[in-house]
Amino acid sequence: MALDLMQLLPPDWRDAMKPHLDVDTVAALGEFVEREYGSHPVYPLLPDLFTAFRLCPLESARVLILGQDPYHKAGQAHGLSFSVRQGVAVPPSLRNVFKELRDDLGVQPPPHGDLTGWAAQGVLLLNAVLTVRGGAPASHAGRGWEHVTDAAIKALDAKDSRVVFVLWGGYARKKAGLVTGAHHVVLEAGHPSPMNPRGFLGSRPFSAIDKALAEAGLPPVRWA
């Protein structure tokens, strides 16, 4: 029997995403993911697959920061976009995120790259593709994950309260069309990768997020 991905999702997210999901697409994805975990190193490890959803219940979600796919080196990915656990070297993209956070809000970079504290405040740290084969970036793209994570974006869009959608890079920016609620805010910028020298640094996303939240009567995120 194939891996039942929907049963691994927290019930609140599963119920909200279900109307936007095609059963056959999700089943085929489950079969593919099960095969990959069974025959290759795949990241994040299976228990961390839906960490973003588990740490950020739908009811409390107020910011989405969308990544592309997980880190592909051992020990890095743990189910939150851009994040690595304490004790793991901070990757270059996240270093740029922290640099922009310092320049934008004066928040000094932490000594680690674990963004769990953001997730606990209603920041959904989601990748568009949720698994990757070790050492092979984008190896699980186009296999169905995009369909699942698009459903999560649609579930956020259906919320009555404001959600700030943060889309960094060309891939993430393509998702802007999924946001239809006039009460939501979409913030776009270049990807924070050092390979992209322009478009992210100087974009001041963190103050813009907090401003959009304040306008809706929501508290700012404690980014420190």
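For every chain, the first residue of its written sequence is number 1, and the numbers climb from 1 along that sequence. Since the coordinates come from a predicted model, pLDDT governs what is reported: local features require at least 70, and pairs of side-chain atoms require 80 or more to be given and counted, while whole-chain, interface and lining totals use all residues. With hydrogens and water set aside, each side-chain value is computed from the structure's full complement of heavy atoms.

- With an unreviewed UniProt entry as reference, the chain is termed Uracil-DNA glycosylase, source organism Planosporangium mesophilum.
- UniProt positions are given in the numbering used here, feature names are shortened, and annotations may be inferred rather than shown by experiment. If you open the UniProt record of the chain and go to Function (unreviewed entry), you find "Excises uracil residues from the DNA which can arise as a result of misincorporation of dUMP residues by DNA polymerase or due to deamination of cytosine."
- Turning to the chain, the UniProt record has this under Subcellular location (unreviewed entry): "Cytoplasm".

**Concerning the nonpolar core**
Move 1: Counting residues in each nonpolar core, the largest one holds 69 residues, and the members touching the most others are W13, M17, F53, W118 and W145.
Move 2: We call two residues contacting when some pair of their heavy atoms lies within 4.5 Å. F53 has contacts with L9, P10, W13, M17, L124, L126, L130 and A152, leaving out every residue within four places of it along the chain. Residue types Ala, Val, Leu, Ile, Met, Phe, Trp, Tyr and Cys, when buried and joined through side-chain atoms within 4.5 Å, form a set referred to as a nonpolar core. Each residue gets one of three labels from its accessible area relative to the maximum for its type: buried under 20%, exposed over 50%, partly exposed in between, using a 1.4 Å probe on protein chains only.

**Let's talk about the sheet that holds strand 2 (residues 63–67)**
Two pairing modes exist for strands in a sheet, parallel and antiparallel, and in both the strands are linked by backbone hydrogen bonds.
Move 1: The pairing criterion is simple: DSSP has to find at least two bridges between the two strands. Here a strand is any run of E in DSSP of at least two residues, a helix any run of H or I of at least four, and the numbering for each starts at the N terminus. Pairing is parallel across the open sheet formed by four strands, whose spatial order is 3-2-5-6. The open sheet has two edge strands, strand 3 (123–127) and strand 6 (185–189), and neither has a second partner. Each strand of the sheet is rotated relative to its neighbour by a mean of 20°, with strand direction disregarded.
Move 2: Strand direction decides the pairing type here: strand 2 and strand 5 (residues 164–168), joined by four bridges, are parallel. Directly across from I65, in strand 5, lies its bridge partner V166.
Move 3: Helix 9 (residues 205–215) contacts strand 2, strand 5 and strand 6 of the sheet and is inclined by roughly 160° relative to strand 5. Between the N-to-C directions of two axes lies an angle of 0 to 180 degrees, each axis being a line fitted to C-alpha atoms and, for a helix, fitted only over the stretch in contact.

**Points about helix 3 (residues 23–39)**
Move 1: Here helix 3 is 17 residues long and its end C-alpha atoms lie 25 Å apart, about the 24 Å a rise of 1.5 Å per residue gives.
Move 2: Against the buried residues of helix 3 lie helix 1 (5–8), strand 1 (42–43), strand 4 (132–133) and helix 7 (145–157). Helix span, as expected, comes to 1.5 Å for every residue beyond the first.

**Some details on the pairing of strand 3**
Move 1: Counting buried residues in strand 3 gives five out of five residues, a clear majority hidden from the surface.
Move 2: Residues of strand 3 alternate between two faces, with V123, L125 and N127 on one and L124 and L126 on the opposite face, all of them buried.
Move 3: Two elements, strand 2 and strand 3, share five bridges in a ladder whose sense is parallel. From the neighbouring strand, L64 faces strand 3, where its bridge partner is L124.

**Section: the packing of helix 5 (residues 92–105) against helix 9**
Move 1: Orientation of helix 5 relative to helix 9, taken along the N-to-C sense of each, is 65°, at an axis distance of 7 Å. Facing helix 5, whose interface residues are V97, E100, L101, D104 and L105, helix 9 presents P205, F206, S207 and D210.
Move 2: All amino acids are sorted into three groups, where Ala, Val, Leu, Ile, Met, Phe, Trp, Tyr, Cys and Pro are nonpolar, Asp, Glu, Lys and Arg are charged, and the leftover types, Gly among them, are polar. For the contact of helix 5 with helix 9, the per-class residue count stands at five nonpolar, one polar and three charged.

**Some thoughts on unusual backbone geometry**
Move 1: For the bond from Y43 to P44, the omega torsion is -5°, close enough to zero to count as cis.
Move 2: Mapping P44 onto the fold places it in the loop between strand 1 and helix 4 (51–55).
Move 3: Even without being glycine, A138 reaches a positive phi, approximately 65°.
Move 4: Residue A138 is classed as partly exposed on the basis of its relative accessible area of 39%.
Move 5: Phi at R204 is positive, roughly 50°, even though this residue is not glycine.
Move 6: Within the element layout of this structure, R204 appears in the loop between strand 6 and helix 9.
Move 7: R204 gets classed as partly exposed once you look at its relative accessible area, which sits at 35%.

**What to know about the packing of aromatic side chains**
Move 1: Stacked, edge-to-face and tilted labels apply to pairs of Phe, Tyr and Trp rings (six-membered ring for Trp) whose centres lie within 6.5 Å, assigned for plane angles under 30 degrees, over 60, and everything in between, in that order. On inspection of all chains with the given rule, the structure shows nine aromatic pairs.
Move 2: Relative to F53, the ring of W13 has its centre 5.0 Å away and its plane inclined at 70°; by these criteria the two rings are edge-to-face. On the criterion of sequence distance, the pair formed by W13 in helix 2 (residues 11–17) and F53 in helix 4 is long-range, its members being 40 residues apart. With respect to class, W13 is no different from F53; both count as buried.
Move 3: Site record: aromatic cluster; members linked through ring pairs are F82, W118, W168, F200, F206 and W223.
Move 4: Think of it as a cone above the ring: NZ of Lys or CZ of Arg counts as a charge over the ring if it is within 6 Å of the ring centre and within 35 degrees of the ring normal. The lysine or arginine in question, R143, covers the ring of F32, its NZ or CZ lying 4.0 Å from the ring centre.

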